[in-house]
Amino acid sequence: MSILIQQVTILTMQEAEAPFTGDIRIEGNQIVQIASHIMPQPEDEVIDGRNKLAMPGLVNAHQHSPMSLLRGFSDDLKLMDWLERKMLPAEARMTPEDIYWGAKLGIAEMIRSGTTAFADMYIHMNEIAEAVTETGIRASLTRGMVFMEDDGGRRLQEAIDLVQRWSGKANGRITTMYGPHSPYTCPMEPLREVVAMAVQDEIPLHIHLAETKEEVEKIRSRYEMTPTEYLEESGMFERAHVLLAHGVHLNPQDISRLKGMRGGVAHNPVSNLKLGCGIAPVEAMIFEGITVGIGTDGAGSATTLDMFEEIKAACWLQKLDYGDPTRLPARQVLDMATRGSAKLLSLQNEVGMLAPGYKADLILIDLAKPHLQPIHNVESLLAYSVNGADVHTTIVDGQILMQDRKLLTIDEDELYREVNTRAKRIVEGV
């Protein structure tokens, strides 16, 4: 299959390349040519790009996709109340089939709002992998592991099974990571075991870090360390590629410890704001050369999976935190949501930019809207004005997943019937 997108405004996200008008040819699952004019071929599916902007698909660097079933169920609560009184009891009622449909709902929202790849951490990952396979999106999947009680090695074995069964599947769209949940749920011995596995198997790690002040205080009281020092003590930053989710409460010494690490930090500003967790030191991390990407966290906390909302929030928070409107400018935050997040998923040589040889993961934004006119600076519009509803077309691995706002791989009527029935049952009595 070949696709030719004609006369579209193109933002490649390649270093220092300004937006320009041109054509994009896709053959199979790759971009093969970007030029001012490309001659159409008889086999091309031609897309009219006038009044549209093409850019790399957004990469959501931290997600819990089945939590879409719990959107709006437990808002305006403190984090531990939210988790212990609402989330954990509701999640305990979820069946594997519920998780499949919850993941599918999250994927539908992501496709509709311009996300083409995401990093997910949850349970019953086979069901999530099936949803990824069927819908056409790209994903890095992680079985989250908590080691606070002896489960006979069940969680660890499920994580190993996920890696062995699903790595490279769905035409390479599925990759995997090992996922010790967090410093406060992983004692040192099993944490070191997982780090050693990751190094031996050359599989990245995905873990929460310093999301709340309570976590910092808990680790300090247990081990007389910060959460970052605790992970460093486990050997996590020596040889493994690590995706750190949140990184809100990092002091200058913590940031210095992360300098030079493989991987980086997934910033989740909307969830952090909504749960009152704090403002991550994004500018300080970037200054030290640490890769920072952007994620949404689960819809149970963030409520939305729209990465354009995260982009806005990330910018605003750094400008507010420093009292300086020049902090985290538009181009830089767009880079975080594309190239930065792609690096966190170990996909930096495949996605995150538009270039010949890269995977054909891209989106088209409809610019013919009042809030996107006039066009003075495309990057400013993307960072501060665009929202997920402005995405016209979503393409992943050369397959059109949404065109003219219509999902092509998901039956939305069936999806909404399933998730509403299941969500009602899950929250009853919680």
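Residues numbered from 1 in each chain as written. Predicted model: local features only at pLDDT ≥ 70, side-chain atom pairs only at ≥ 80, totals over all residues. Heavy atoms only, no water.

### So, the overall build of the protein chain
Item 1. Helices and strands together make up the secondary structure of the protein chain, namely 16 helices and 17 strands.
Item 2. Computed over C-alpha atoms, the radius of gyration of the protein chain comes to 21 Å, within 12% of the 22 Å expected from 2.2 N^0.38 for 430 residues, which places it in the range of a compact globule.
Item 3. Dimensions along the principal axes, computed over C-alpha positions, put the protein chain at roughly 65 × 45 × 45 Å.
Item 4. Of all 430 residues assigned to the protein chain, the portion counted as buried reaches 58%.
Item 5. When the accessible surface of the protein chain is summed, it comes to about 16800 Å², and 49% of that surface belongs to carbon and sulfur atoms.
Item 6. Taken as two groups, the 41 positive and 61 negative side-chain charges of the protein chain have centres that lie 2 Å from each other. (Helix = DSSP H or I, 4+ residues; strand = E, 2+ residues; numbered from the N terminus. Rg over C-alpha atoms; globule rule 2.2 N^0.38 Å. Buried < 20%, exposed > 50% of the residue type's maximum accessible area, 1.4 Å probe, protein only. Areas by Shrake-Rupley, 256 points an atom, 1.4 Å probe, with all protein chains shown as cover. Lys, Arg positive; Asp, Glu negative; His and termini not counted. Charge placed at Lys NZ, Arg CZ, Asp CG, Glu CD.)

### Section: the UniProt feature "binding site: Zn(2+)" (unreviewed entry) in the protein chain
Item 1. According to UniProt, the feature "binding site: Zn(2+)" (unreviewed entry) maps to His 62, His 64, His 208 and Asp 297 in the numbering used here. The named residues occupy 236 residues along the chain; their greatest pairwise C-alpha distance, 12.0 Å, places them in one compact cluster. In this structure, the largest pocket is lined, among the annotated residues mentioned, by His 64, His 208 and Asp 297.
Item 2. On the secondary structure map, His 62 appears in strand S6 (residues 58-63).
Item 3. Excluding anything up to four places from it in sequence, His 62 contacts Ala 119, His 206, His 208, Ala 245, His 246, Ala 266, Asn 268, Gly 295, Thr 296 and Asp 297.
Item 4. Of note is the side chain of His 62, whose polar atom sits 2.8 Å from the side chain of His 206.
Item 5. Locating His 208 in the fold gives a position in strand S10 (residues 205-209).
Item 6. Non-local contacts of His 208, meaning those with residues more than four positions away in its chain, are made with His 62, His 64, Met 121, His 181, Ser 182, Pro 183, Ala 245 and His 246. (UniProt positions renumbered as here; feature names shortened; annotations may be inferred. 1 Å grid on protein atoms, 1.4 Å probe; cavity = no way out; pocket = protein on both sides within 12 Å on 5 of 7 lines; lining within 4 Å. Contact = heavy atoms within 4.5 Å. Polar contact = N/O pair within 3.5 Å; in protein donor to acceptor, adjacent residues only side chain to side chain.)

### Observations concerning the UniProt feature "binding site: substrate" (unreviewed entry) in the protein chain
Item 1. In the numbering adopted here, UniProt assigns the feature "binding site: substrate" (unreviewed entry) to Glu 91, Arg 143, Arg 154, His 181, Glu 211 and Asp 297. These residues run over 207 residues, and the two farthest C-alpha atoms among them are 26.4 Å apart, placing them at more than one spot. Of the annotated positions mentioned, Glu 91, Arg 143, Arg 154, His 181, Glu 211 and Asp 297 line the largest pocket.
Item 2. Tracing the chain through its elements places Arg 143 in strand S8 (residues 138-145).
Item 3. Not counting residues within four places of it along the chain, the set of residues in contact with Arg 143 comprises Tyr 122, Ile 123, Met 125, Arg 154, Arg 155, Glu 158, Ala 159, Leu 162, Met 177 and Gly 179.

### Quick notes on the environment of Met 13
Item 1. Mapped onto the elements of the fold, Met 13 is located in the loop between strand S1 (2-10) and strand S2 (20-27).
Item 2. Separated by 248 residues in sequence, Met 13 and Met 261 place their C-alpha atoms 23 Å apart.
Item 3. For Met 13, the contacting residues outside a window of four places in its chain are Pro 56, Arg 331, Leu 334, Asp 335, Thr 338, Arg 339, Gly 352 and Met 353.

### Focus: the pairing of strand S14 (residues 362-366)
Item 1. Summarising burial for S14: four of the five residues are buried, a large majority.
Item 2. The pairing of strand S5 (residues 52-56) with S14 spans five bridges and is classified as antiparallel. When the sheet's bridge partners are listed, Ala 54 is paired in S14 with Leu 364.
Item 3. As judged from the four bridges shared by S14 and strand S15 (residues 391-396), these two strands associate in the antiparallel manner. Its bridge partner being in S15, Leu 362 is matched across the sheet by Ile 395. (Pairing = 2+ DSSP bridges.)

### A word on the side chain of Arg 25
Item 1. Residue placement: Arg 25 occurs in strand S2.
Item 2. Given a relative accessible area of 6%, Arg 25 falls into the buried group.
Item 3. Side-chain polar atoms of Arg 25 contact the side chain of Asp 44, separated by 2.8 Å.
Item 4. Beyond its immediate stretch of four places on either side in the chain, Arg 25 contacts Ile 3, Leu 4, Gln 30, Ile 31, Val 32, Gln 33, Ile 38, Met 39, Pro 40, Gln 41 and Asp 44.

### Structural notes on the pattern of salt bridges
Item 1. According to the stated counting rule, one finds 28 salt bridges in the structure shown.
Item 2. Salt-bridge contacts for Lys 259 lead to Glu 288; the nearest nitrogen and oxygen are separated by 3.3 Å. Here Lys 259 is found in the loop between helix H9 (252-258) and strand S12 (262-267), whereas its partner Glu 288 is found in the loop between helix H11 (282-287) and strand S13 (291-294), with 29 residues between them in sequence.
Item 3. By relative accessible area, Glu 288 is classed as partly exposed at 24%. (Salt bridge = Lys/Arg side-chain N within 4 Å of Asp/Glu carboxyl O.)

### Focus on the packing of aromatic side chains
Item 1. Enumeration according to the criterion identifies two aromatic pairs in this entry.
Item 2. The ring of Tyr 322 has Arg 327 lying over it, and the distance from NZ or CZ to the ring centre is 4.0 Å. (Phe/Tyr/Trp six-rings, centres within 6.5 Å; stacked < 30°, edge-to-face > 60°. Lys NZ or Arg CZ within 6 Å of the ring centre and 35° of its normal.)

### So, the environment of Val 46
Item 1. With respect to the element layout, Val 46 can be found in strand S4 (residues 44-48).
Item 2. Each C-alpha atom, one on Val 46 and one on Ile 5, is 5.9 Å from the other, the two residues being 41 residues apart in sequence.
Item 3. When near neighbours in sequence (up to four residues on either side) are disregarded, Val 46 contacts Leu 4 and Gln 6.

### Here we look at the packing of helix H2 (residues 96-112) against helix H3 (residues 125-135)
Item 1. At a closest axis distance of 8 Å, the pairing of H2 and H3 adopts a crossing angle of 40°. Taken together, the axis directions place H2 and H3 in an arrangement best described as oblique. Crossing of H2 over H3 shows right-handed handedness. The segment H2 lies against H3, with Pro 96, Ile 99, Tyr 100, Ala 103, Lys 104, Ile 107 and Ile 111 engaging Glu 127, Ile 128, Glu 130, Ala 131, Val 132, Glu 134 and Thr 135.
Item 2. Looking at the contact of H2 with H3 residue by residue, the class counts come to nine nonpolar, one polar and four charged. (Axes fitted to C-alpha atoms, helices over the stretch in contact; angles between N-to-C directions. Parallel < 35°, antiparallel > 145°, perpendicular 65-115°, else oblique. Left-handed = near helix turned anticlockwise from the far one by under 90°. Nonpolar A, V, L, I, M, F, W, Y, C, P; charged D, E, K, R; others polar.)

### With respect to the side chain of Glu 379
Item 1. Inspection of the secondary structure puts Glu 379 in helix H15 (residues 378-384).
Item 2. There is a polar contact of 2.7 Å between the side chain of Glu 379 and the side chain of Arg 331.
Item 3. When sequence neighbours within four positions are dropped, the list of residues in contact with Glu 379 reads Leu 11, Pro 19, Ala 330, Arg 331 and Leu 334.

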